[in-house]
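Inside the fold
Spelled out, the chains give:
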Amino acid sequence: MVRRGLLVVLGLWITCWSSAQIMDGPIDLDPKPRLGGTLDLTTGMAGEDSQFATNELPPNHRDPHILLHEFNLIYFAPIDDEFSIEARLRIDSRGDGNPGDPYLPLIVLNWIPLDYTYFFSVGRFPTPFGLHPAKQLQRDRTFIAQPLPWGYFLPLSETRGYFPGLARTGYRVNDMGTTTLGFEALSTGIRYDWWNKAGSRFAIALTNAAPSSPDGTVDQLSSALVMRYSFLTSEQVEIGFSTAWGSFMEQDLTIDPFLRDTEQYRQLAFGADWTMTEGMLTLSGEMMGSQWIVPRYAGGQFFAASGDLSKPTPVKPTLFGGYVDARFDFPTRYPVFAAGRLETLQFFQMDDPVLGEKVQWRRDIIRWTLAAGMELTPSLHLKASFSDQSKVEEPIPLRDWAARVMLTALF
């Protein structure tokens, strides 16, 4: 399976190598069609408690290995002076470590008026919440793993709600759960972006799923609103604020044929982010809080204190989290950086109607990461990271650690 996936990637790469160019961002004013992409290969090893749901490394790859992390083929095509189409085809090995089938995580129609102070996007695009969603590709990221709000899975199911017994066997497996702000960091709907010469930016999106939706969409009519506003306090400091409100659950009549209104179960999230640059040092980070209103799943069905399964008793899981990054870029001939990240998720107690008491619905987690990287050539980047994480109540080090080395080729 791995060999077949690598051959597919190699074939795609050879096909487009001669004419491909790197796309510089989500919106491009170049009137010519452009084809580009990235290929990410990793090697590494991890601790005995390592699993994809906690640190994005498949459990069958804890020993030294070579893994196809991602292959992305990116296409940008202008329609006229103002309209363009952008799409990204991806093959990845998320979950079990084997390359999956090709799919389109991003496809969007952009309208960019000629004065270039705002634009509209319709389709599937990065969620406008915080800093991280704009860094969709490894070429744009300092660290290999995502921050905890995007990469750490919770016992919250888009079909079952709060489900403490959730089996997390692999990404894209039914009821693996979801992360606080969505593992893909993508949304489906319509998005509006605006900015001015002073450095202020505003983005708002009407989508069909809240950020915590596992894949950024639900298979039914639902709605969510996501927005971010950022501004410069000086040339070195940018501050941003984000919020989101909407439904992330979808109906599954095989679980409960009586529950029809899943739109009532929603996520509310707030966030703040900052970026500060001084010479070769960059400090950045995000804080966020989230609360869900979801049904409680237990004993193979939704729990309803009234006995009416069409009206499950709701629970309100709530958390607070964030991270701080520090990155130093050395003044060398070939760009070299060193970086560190400290992050946490803190889970509040909630009333559990099944147990009849307040419970800690998830144990607090803390993670630290060290990373370094260099640009071997403009189209070949190398980076490495070491991370360890533990539950705050059980600070046992070096059980959920992960050491990774990644080679990224741009074409």
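Residue indices begin from 1 for each chain and proceed along its sequence in written order. Only residues with pLDDT of at least 70 get local features here, since the model is predicted, and only at 80 or more are side-chain atom pairs given and counted; chain-wide, interface and lining totals rely on the full set of residues. To get the side-chain values, take all heavy atoms of the structure and skip hydrogens and water.

Time to look at the pairing of strand 5 (residues 118-126). As judged from the five bridges shared by strand 4 (residues 103-111) and strand 5, these two strands associate in the antiparallel manner. Pairing of Trp-111 across the sheet is with Phe-120, part of strand 5. Here a strand pair is declared whenever DSSP counts at least two bridges between the two strands. Under the DSSP-based scheme used, a helix requires at least four consecutive residues in state H or I and a strand at least two consecutive residues in state E, with every element numbered from the N terminus. As judged from the nine bridges shared by strand 5 and strand 10 (residues 186-195), these two strands associate in the antiparallel manner. From the neighbouring strand, Val-122 faces strand 10, where its bridge partner is Ile-190.

As a further point, take the nonpolar core. Grouped together as the largest cluster of nonpolar side chains are 36 residues, with contacts concentrated most on Leu-154, Trp-292, Val-294, Leu-319 and Trp-361. If you list the elements that add at least two residues to this core, you get helix 3 (148-151), strand 12 (224-232), strand 15 (281-295), strand 19 (318-330) and strand 20 (336-347). When residues in this core are grouped by element, the largest group, three residues, is from strand 15. Beyond its immediate stretch of four places on either side in the chain, Trp-361 contacts Leu-154, Pro-155, Leu-156, Tyr-162, Trp-292, Pro-317, Thr-318, Leu-319, Phe-347, Phe-348 and Met-350. Counting residues in each nonpolar core, the second largest holds seven residues, with Phe-71, Leu-73, Ile-91 and Ala-409 among its members. The set of buried Ala, Val, Leu, Ile, Met, Phe, Trp, Tyr and Cys residues whose side-chain atoms join them within 4.5 Å is what this entry labels a nonpolar core. Summary of the burial criterion: residues with accessible area below 20% of their type's maximum are buried, those above 50% are exposed, and those between are partly exposed, where the area comes from a 1.4 Å probe applied to protein chains only. Any pair of residues with heavy atoms lying within 4.5 Å of one another is described as a contacting pair.

Its location among the elements puts Gly-321 in strand 19. Gly-321 sits 35 residues away from Glu-286 along the chain, and the two C-alpha atoms are 8.4 Å apart. Leave out the neighbours within four places in its chain, and Gly-321 touches Glu-286, Met-287, Met-288, Thr-344 and Leu-345.

This paragraph deals with the packing of aromatic side chains. Working definition: rings of Phe, Tyr and Trp (its six-membered ring) pair if their centres are within 6.5 Å, and the pair is stacked with planes under 30 degrees apart, edge-to-face with planes over 60 apart, and tilted otherwise. Under the criterion given, the structure shown has 21 aromatic pairs. Pairing Phe-52 with Phe-183 gives two aromatic rings, centres 5.5 Å apart and planes at 45°, and the pair type is tilted. Here Phe-52 is found in helix 2 (residues 52-55), whereas its partner Phe-183 is found in the loop between strand 9 (178-179) and strand 10, with 131 residues between them in sequence. Side by side, Phe-52 and Phe-183 carry an identical accessibility label, which is buried. On the numbers, 6.0 Å between centres and 20° between planes, the contact of Phe-71 with Phe-411 is stacked. One end of the pair, Phe-71, is in strand 2 (residues 65-78); the other, Phe-411, is in the segment after strand 25 (402-410), and 340 residues separate them in sequence. In this pair, the class of Phe-71 matches that of Phe-411, namely buried.

A few words on the side chain of Ser-222. By the secondary structure assignment, Ser-222 is in the loop between strand 11 (201-207) and strand 12. The class for Ser-222 is buried, based on a relative accessible area of 8%. Side-chain atoms alone can form a polar contact between residues adjacent in sequence; in general such a contact is a pair of N or O atoms within 3.5 Å, and within protein one must be able to donate a hydrogen while the other accepts it. In this structure the side chain of Ser-222 is engaged in a polar contact, spanning 2.5 Å, whose partner is the backbone oxygen of Asn-208. Among residues more than four places away in sequence, those in contact with Ser-222 are Thr-207, Asn-208, Ser-247 and Glu-263.

Before going further, it helps to spend a moment on the pairing of strand 14 (residues 266-278). Where strand 13 (residues 237-247) and strand 14 come together, 11 bridges link them in antiparallel fashion. Looking at strand 14, one finds that Trp-245 is bridged to Leu-268. Relative to strand 15, strand 14 runs antiparallel, the two sharing 13 bridges. Bridging from a neighbouring strand, Met-276 pairs with Leu-283 of strand 15.

Quick look at a nonpolar patch on the surface now. Residues enter a patch when their relative accessible area is above 30% and they make no salt bridge; the linking distance is 9 Å between like charges and 5 Å between nonpolar side chains (Val, Leu, Ile, Met, Phe, Trp, Tyr). Each accessible area is a Shrake-Rupley result for a 1.4 Å probe, and residues are judged covered by the shown protein chains and nothing else. Each reported salt bridge corresponds to a side-chain nitrogen of Lys or Arg within 4 Å of a carboxyl oxygen of Asp or Glu. Taken together, the side chains of Ile-79, Phe-83, Ile-85, Leu-109, Val-122, Ile-190, Leu-206 and Leu-225 define a hydrophobic patch exposed on the protein surface, amounting to about 640 Å² of accessible area. Along the polypeptide, Leu-109 turns up in strand 4.

Attention now goes to the pattern of salt bridges. Counted under the stated rule, the structure contains 14 salt bridges. Across the pair Arg-399 and Glu-48 runs a salt bridge whose closest N-O atoms are separated by 3.5 Å. Here Glu-48 lies in the loop between strand 1 (34-46) and helix 2 and Arg-399 lies in the loop between strand 24 (380-391) and strand 25, a separation of 351 residues in the sequence. Residue classification places Glu-48 among the exposed positions, given a relative accessible area of 55%. Salt-bridge contacts for Arg-399 lead to Asp-49; the nearest nitrogen and oxygen are separated by 3.1 Å. Of this pair, Arg-399 sits in the loop between strand 24 and strand 25 while Asp-49 sits in the loop between strand 1 and helix 2, placing them 350 residues apart in sequence.

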